[in-house]
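Here's the letter readout for the chains.
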Amino acid sequence: MKLERLRIQGLRCLSGSDIELGAGIHVFVGANGAGKTSVLEAAFLLSHGRSFRSGAKEALLQRGASALSVYGEVRHEEGRLSRVGLGREGSRWNARLDGESATLGQVVRECAVVCFEPGSHALIAGGAEERRRYLDWGVFHVEHDFLLAWRRYQRALKQRNSLLRSGSMIADELFLPWEAELSQTAEQIDRMRQRYLDLILPHLAASISGLLPELGELQLRYRRGWTDDRPLGEQLADQRGRDIARGHTTLGVHRADWSIAFEHAPLREHLSRGQEKLTALGCLLAQAGLYASHKGEWPIVCLDDLASELDLTHQTAVVAQLYQASAQVLVTGTELPAPLQGLSAQVFHVEQGRLAPLL
Ligand SMILES: Nc1ncnc2c1ncn2[C@@H]1O[C@H](COP(=O)(O)OP(=O)(O)OP(=O)(O)O)[C@@H](O)[C@H]1O
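By the naming in an unreviewed UniProt entry, the protein goes by DNA replication and repair protein RecF and is assigned to Dyella koreensis. What UniProt records for the protein under Function (unreviewed entry) is the sentence "The RecF protein is involved in DNA metabolism; it is required for DNA replication and normal SOS inducibility. RecF binds preferentially to single-stranded, linear DNA. It also seems to bind ATP." According to the UniProt record, the Subcellular location (unreviewed entry) comment for the protein reads "Cytoplasm".

This is the structure we're talking about:
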């Protein structure tokens, strides 16, 4: 798929930009603070409904502006065009698909963006939440029932947590329906996640060993969030007293995690910072590759500040892989990254929140 048009209003320093994009590689070049990353953030917002930068979604809204909107025209491999939009006016976010009001789920299903950026190493070195988000984004795109199960799970979790916080005088019977719902939806979500991990493993092995051959074979480890010996419902009932003391539910798919161990680096602490970044990049490219083999089209790939994140050899390897795959790629840099010199790429100059194509 490719973004043929990206219109951004009121996002950080971008007050009003409207650009046309083609196939292949696009580079956004400009000084620090010019607004390059914000362009990638806008594309990512259409795909995830949030930014990849930490902090509140509210920080995206331009200081002093009352509204923010991002609109994209996404051309799919089979020729179909999806017109996707997300916006915020006052305190409300809204989503639009093909001119009609839509849900966030409908919009993000039409626009898939994977993004490698300076914070991506958190996928390997950070907390479990980042890894669950990665996993669930992939599962969402291959399993149709995922979103429904996930929403039911979140609702039941919220209800059980609020009962836990109401104190120990709450009758056990009040917990039972929510624990049954948690147990049923957790089994579903866990099965989908496990299927996804089985699917992605060969993609991970290929993409990470291409970037880090010196680390040897990799193993994917997964913890589902509760033990395998008994149904989650039974374990939640046993755990209730301790959960009341803690004020939240300590077992379930919201506690799941996964990790990668290498033959020559069995612990995460054995990886250098650069190797963490390359492993994270390998995970993102594997996810893009799996998406492509499942959907018949590559997601849009964003590489923020490529030249300062990777050494030249790895920059060249990544660019060559994406070039061969004919993926639409959006890259940022303070100058044109060396591996792109000589390749046909559309270059945009970014200055103080304004974008101009360089001919
Ligand atoms: N909510 C906001 N309203 C207005 N301006 C903002 C807001 N948030 C951030 N900015 C400004 O917008 C710009 C965002 O820059 P961005 O991170 O996109 O730049 P960049 O070109 O990628 O920079 P670098 O090369 O330093 O990473 C910065 O100048 C920042 O101060």
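Points about the overall build of the protein
When you go through the protein residue by residue, the secondary structure sums to 10 helices and 14 strands. The globule rule puts the C-alpha radius of gyration for 359 residues at 21 Å, and the 22 Å found for the protein is close to it. With respect to the three principal axes, the spread of C-alpha positions in the protein is 70 × 50 × 40 Å. When the 359 residues of the protein are sorted by exposure, 52% land in the buried category. Intrachain contacts of the protein at a sequence separation of at least 6 include 69% that bridge at least 24 residues. When the accessible surface of the protein is totalled, it reaches about 16,700 Å², and 49% of it is carbon and sulfur. Averaging the positions of the 41 positive and the 43 negative side-chain charges in the protein gives two centres separated by 5 Å.

Here's the deal with the sheet that holds strand E11 (residues 300–303)
Spatial ordering of the open sheet is given by E8-E11-E12-E3-E13-E14, a layout of six strands whose pairing is mixed. Because the sheet does not close on itself, it has two edges, and the strands there are strand E8 (113–116) and strand E14 (354–358). When the angles between neighbouring strand axes are averaged without regard to direction, this sheet yields 20 degrees. Alignment of strand E3 (residues 25–30) against strand E12 (residues 329–333), held across five bridges, turns out to be parallel. Across the sheet, the residue bridging to Ile25 is Val329, located in E12. Along the sheet, helix H8 (residues 273–295) contacts E8 and E11; its crossing angle with E8, the most-contacted strand, is approximately 170 degrees.

Some words on the sheet that holds strand E5 (residues 81–89)
Strand order in the open sheet formed by six strands is E2-E1-E4-E5-E6-E7, with antiparallel pairing between adjacent strands. Of all strands in the sheet, those with a lone pairing partner are strand E2 (14–20) and strand E7 (100–102), marking the two edges. When strand polarity is set aside, the average angle formed by the axes of neighbouring strands in this sheet is 20 degrees. As judged from the six bridges shared by E5 and strand E6 (residues 92–97), these two strands associate in the antiparallel manner. Residue pairing across strands places Glu89 opposite Arg92, the latter belonging to E6. Across the sheet, helix H1 (residues 36–48) is in contact with strand E1 (2–11), E2, strand E4 (67–75), E5 and E6; its angle to E1 comes to roughly 110 degrees.

Here's the deal with the site of the ligand
The environment of the ligand is formed by 15 residues, the closest being Gly33, Lys36, Thr37, Ser38 and Arg63. Contact distances for the ligand include 3.1 Å between an oxygen atom and a backbone N or O atom of Ala34. Between Arg63 and the ligand, the recorded distance is 2.9 Å, taken from a backbone N or O atom to a nitrogen atom. For the ligand, whose free accessible area comes to 650 Å², the fraction covered by protein is 73%. Classifying every residue of the shell around the ligand gives five nonpolar, six polar and four charged.

Brief notes about the side chain of Arg193
Tracing the backbone through its elements, the reader meets Arg193 in helix H6 (residues 172–211). The contact partners of Arg193, leaving out residues within four places of it in the chain, are Arg132, Leu135, Asp136, Val139, Tyr222, Val253 and Ala256.

Quick notes on the UniProt feature "binding site: ATP" (unreviewed entry) in the protein
What UniProt calls "binding site: ATP" (unreviewed entry) maps, in this numbering, to Gly30, Ala31, Asn32, Gly33, Ala34, Gly35, Lys36 and Thr37. Structurally, the position occupied by Ala34 is in the loop between E3 and H1. With sequence-adjacent residues up to four places away left out, Ala34 is seen in contact with Cys13, Val350, Glu351, Gln352 and Gly353. Within the fold, Gly35 resides in the loop between E3 and H1. For Gly35, the contacting residues outside a window of four places in its chain are Cys13, Leu14 and Val350.

About the cut-offs
In this convention, every chain numbers its residues from 1, walking through the sequence in written order. Only residues with pLDDT of at least 70 get local features here, since the model is predicted, and only at 80 or more are side-chain atom pairs given and counted; chain-wide, interface and lining totals rely on the full set of residues. Side-chain measures here rest on the full set of heavy atoms in the structure, leaving out hydrogens and waters. UniProt positions are given in the numbering used here, feature names are shortened, and annotations may be inferred rather than shown by experiment. Secondary structure elements are taken from DSSP: a helix is a run of H or I of four residues or more, a strand is a run of E of two residues or more, and numbering for both begins at the N terminus. What the globule rule says is 2.2 Å times the number of residues to the power 0.38, and the radius of gyration is computed from C-alpha atoms. Residue exposure (1.4 Å probe, protein chains only): buried if accessible area is under 20% of the type maximum, exposed if over 50%, otherwise partly exposed. Any two residues whose heavy atoms approach within 4.5 Å at even a single point are treated as in contact. Here the open area of atoms and residues is found with the Shrake-Rupley method and a 1.4 Å probe, where only the protein chains shown may cover a residue. For the purpose of charge, His is not counted, nor are the chain termini; Lys and Arg are scored as positive and Asp and Glu as negative. To locate a charge, the coordinates of NZ of Lys, CZ of Arg, CG of Asp or CD of Glu are taken. Two strands are counted as paired when DSSP detects at least two bridges linking them. A fitted line through C-alpha atoms serves as each axis, taken over the contacting stretch for helices, and the angle formed by two N-to-C directions is quoted from 0 to 180°. Here a residue counts as near a molecule or strand whenever at least one of its heavy atoms sits within 4 Å of it. Any pair of N or O atoms that falls within 3.5 Å is considered a polar contact. Within protein, one atom must be able to donate a hydrogen and the other to accept it, and sequence-neighbouring residues count only if both atoms are side-chain atoms. Charged residues are taken to be Asp, Glu, Lys and Arg, nonpolar residues to be Ala, Val, Leu, Ile, Met, Phe, Trp, Tyr, Cys and Pro, and polar residues to be all remaining types, Gly included.

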